[in-house]
Amino acid sequence: MTVEPSHSRPLVGVVCDMEIIGPHPFHVAGHKYIHAVIEGSNCIPVLIPALANEQALEQLIKSLDGILLTGGYSMVHPSHYQGNTPDADTKLDPNRDNTTLPLIKLAIENQVPIFGICRGFQEMNVALGGSLHQKLHETGEYIEHREDKNVSLEQQYDLAHPINIASGGVLQSLFAESCIQVNSLHTQGVQRLAPSLSIEATAEDGLIEAFSVSDAKAFALAVQWHPEWQFENNLYSRKLFAAFGQACLSRQQVKNHHG
Ligand SMILES: N[C@@H](CCC(=O)NCCCC(=O)O)C(=O)O
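None of these values were measured; they are calculated from a predicted model.

## Section: the packing of helix 2 (residues 54–63) against helix 3 (residues 94–109)
Thought 1: Following both chains from N to C, one finds helix 2 and helix 3 inclined at 40°, their axes separated by 10 Å at the closest point. As the angle between them shows, helix 2 and helix 3 are arranged oblique. In the crossing of helix 2 with helix 3, the sense of the turn from one axis to the other is right-handed. Along the contact surface, helix 2 presents Glu54, Leu57, Glu58 and Ile61, while helix 3 presents Thr99, Pro102, Leu103, Leu106 and Ala107.
Thought 2: The class makeup of the residues in the contact of helix 2 with helix 3 is 6 nonpolar, 1 polar and 2 charged.

Here it is, written out as structure tokens:
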């Protein structure tokens, strides 16, 4: 993968997970997100470590033209939405939570384009006052939304179920479709939608699969599925990353104009 030398591309902050590799903690981000930012949005990714330092985030947000909230195997700690204590074997990432939740508010306040994917979708809902089902499969209300970890990666990220696109929303204006197929790799999902969010798509079982920030001045959209996965092979994924990239370019132009 080559990144053409360019000083004019917008800078997109890509949030990191904190992972232990060997005996050490690392800040990590998935290659497929970085690839989609470069090739799908025509932007330059800048990794945002899970430092959980609000002052650093306030400085960072002023130099970034967009934020990508990636997926992740860990769960948002339920204390952020008054949820029940998680099971002892739940994978958590408090450093990521304490970085992304304030970052989301800063991005919206500063009209920085923000795109949430899977865990990032869940973080946006929680950051703005919503809540999550911690185990969708135990509610008895939804179809299976988790991936089968015993099959190949290609199969895990394959299209899994349809979603219905809300009329009059951002997604309908992007896709010009009322129903598309998406992949599905998540245990958790929206329980209570934050008051400032508008539903953009739902699964056939009623689960919210995409939302936008109502009245946002800049691109502020999140999806529960994974459009970054082999995005080149999916028309709707290409449209999402192109729209996000265009919003980041507009932000950069406004910033450069105002100095
Ligand atoms: N942990 C949450 C969110 C699921 C998620 O983001 N899965 C993808 C992880 C790997 C990747 O980045 O593709 C949940 O289970 O609901």
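## Notes on the pattern of salt bridges
Thought 1: For the structure shown, the criterion picks out 10 salt bridges.
Thought 2: In this structure, Arg96 and Asp17 form a salt bridge, with 2.8 Å as the shortest nitrogen-oxygen distance. Here Arg96, found in helix 3, pairs with Asp17, found in strand 2 (residues 17–21); they are 79 residues apart in sequence, far enough to count as distant. Taken individually, Arg96 and Asp17 each receive the classification buried, so the pair is uniform in this respect.
Thought 3: One connected set of salt bridges, linked through shared partners, spans Asp17, Arg96, Asp97, Arg119 and Glu123.

Calculation notes
- Residues numbered from 1 in each chain as written.
- Predicted model: local features only at pLDDT ≥ 70, side-chain atom pairs only at ≥ 80, totals over all residues.
- Heavy atoms only, no water.
- Axes fitted to C-alpha atoms, helices over the stretch in contact; angles between N-to-C directions.
- Helix = DSSP H or I, 4+ residues; strand = E, 2+ residues; numbered from the N terminus.
- Parallel < 35°, antiparallel > 145°, perpendicular 65-115°, else oblique.
- Left-handed = near helix turned anticlockwise from the far one by under 90°.
- Contact = heavy atoms within 4.5 Å.
- Nonpolar A, V, L, I, M, F, W, Y, C, P; charged D, E, K, R; others polar.
- Salt bridge = Lys/Arg side-chain N within 4 Å of Asp/Glu carboxyl O.
- Buried < 20%, exposed > 50% of the residue type's maximum accessible area, 1.4 Å probe, protein only.

These results come straight from atomic positions and should not be treated as a statement about function.
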